Amino acid sequence: MCPGTACRQQAKILTAAALLLGASGCSLISLKSPERPLSARDSNARILTREYSAHFIAAVEKSADETTAGETDAVVLTNTLRWKVGASTQSVRAATQIAPMMSFLDTWALALQMQAFLADSNTGGSLFGSHQDTFRAVADAQAENADVLAQRVIAPKEFQKYHTFVQSYVSRYPILDLTFARAPIVELWSRETGSEVKLVDSLGTIPEAMSDFGDRLQIYGETLPSQTLWKTELALRDSGYSRLEIREELAQLDRRFDRMAAAAEGAPALMRDAVRDVRQTLLTIIDKVNRSSEAMFLAFHDERVALTADIQAERAKALVAVDEQRKALVLDAAKLSDQMITTAGQELRRLAREVILLIILFSIVALGLPFAAGYFVGRGRRVPAR
């Protein structure tokens, strides 16, 4: 029997040896972090999609501005403004999704939907009067650019799969009017292909996630002011006002100031009439400016609320995905711990068996060796009988 302290020390040594043997029995032990860098395809898809979206919005805005420069038809002007607002808004929403490939598919589908919408046989085929061919040329060019971009982003062996899905989506969910209302493409992709889009795999590393968040804020910051102005102008048009009418009111105000100056030099009575006219004009202009400001603030508020909702929704989805990954990591750690304990017990039992076997062998050798030595010595000394 050994003293208590010595026995405890020996037990610790044996346990440590067993754990080392159990660890050596495992091929590789590593705890994986949920943080995973984006693949080269996803990184390229995110960069090229947002670059394409910027060119898409610029082309839409340029064609719309060229149309409104010399157009006097109120219907065409209103439709042009609605087209510019709807196309740019949907392009930003598609390009700023978390999953890079879903963002690209949404952007690609938007270009093809807009091309189909402006065709002669569809509802958008006669909305812009004599400028219809100009808008159709822009839509055709953007759809062609999206097809070329798809061939750069998607591998040849997967291209047909994505192309078939986009064509099916465009034919099943066409754009019906200038509001550009569209079905969510991520849910349809998950349902039709049976492959779930994991948001946690789309976040990338922490630097990549922070860079993506900064890029999205920059995109919203660059497009939100213009969209707010366009929506304000659209609200004014819906209320019966236009930029030409406001300019005419200002020009009329300048003429009345000239009349007031002339009246001041002539007759005081005319001066009073001129002041009264100017006051009335100022009140009219202030009223229109107030309405314009209210419409602008309402549009800006709606955009800010939508932006906040999108960011919160994406943040909630990311947190849910990270939480699920964390739970999976905890389960893996528990399984790994159980495996280590099981392996350590097996190795400890094997080591104990080997130690007992060695003790038995040593006992056999220690006890049998003297008898064997005595036997051979006695046999050597025995005198043969004559």
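Further up the page is the structure itself.
On a predicted model such as this, the values are computed, not experimentally measured, just so you know.

## Thoughts on the packing of helix α2 (residues 40–70) against helix α3 (residues 74–95)
At a minimum axis distance of 10 Å, the contact between α2 and α3 shows a crossing angle of 175°. Judged by the inter-axis angle, α2 sits roughly antiparallel to α3. Contacts from T49, R50, S53, F56, I57, V60, E61, S63, A64, D65, T67 and T68 of α2 reach α3 at V76, L77, T80, W83, K84, A87, S88, S91, V92 and A95.

## Topic: the pattern of salt bridges
For the coordinates displayed, the defined rule picks out eight salt bridges. Linking D42 and R41 is a salt bridge whose minimum nitrogen-to-oxygen distance equals 3.6 Å. Exposure remark for D42: the relative accessible area of 13% places this residue in the buried category. Given a relative accessible area of 29%, R41 falls into the partly exposed group. Of the charged contacts, one joins R136 and D120 as a salt bridge, the two residues approaching to 2.5 Å between their closest N and O atoms. Note that R136 is positioned in helix α5 (residues 132–153) and D120 in the loop between α4 (100–117) and α5, a separation of 16 residues in sequence. A residue is classified by how much of its surface remains accessible, and R136, at 16% relative accessible area, is buried. Taking the relative accessible area as the measure of exposure, D120 reaches 61% and is therefore exposed.

## Some details on the packing of helix α6 (residues 156–172) against helix α7 (residues 185–193)
It is the contact of α6 with α7, at a shortest axis distance of 12 Å, that shows an interaxial angle of 120°. Between α6 and α7, the angle falls in the class oblique. Note on packing geometry: the crossing formed by α6 with α7 is right-handed. For the pair α6 and α7, contact is made by K161, Y162, F165, Y169 and R172 and by I185, L188, W189 and E192, respectively. Grouping the constituent residues of the contact of α6 with α7 by class yields six nonpolar, no polar and three charged.

Each value, and the rule that gives it
- Residues numbered from 1 in each chain as written.
- Predicted model: local features only at pLDDT ≥ 70, side-chain atom pairs only at ≥ 80, totals over all residues.
- Heavy atoms only, no water.
- Axes fitted to C-alpha atoms, helices over the stretch in contact; angles between N-to-C directions.
- Helix = DSSP H or I, 4+ residues; strand = E, 2+ residues; numbered from the N terminus.
- Parallel < 35°, antiparallel > 145°, perpendicular 65-115°, else oblique.
- Contact = heavy atoms within 4.5 Å.
- Salt bridge = Lys/Arg side-chain N within 4 Å of Asp/Glu carboxyl O.
- Buried < 20%, exposed > 50% of the residue type's maximum accessible area, 1.4 Å probe, protein only.
- Left-handed = near helix turned anticlockwise from the far one by under 90°.
- Nonpolar A, V, L, I, M, F, W, Y, C, P; charged D, E, K, R; others polar.

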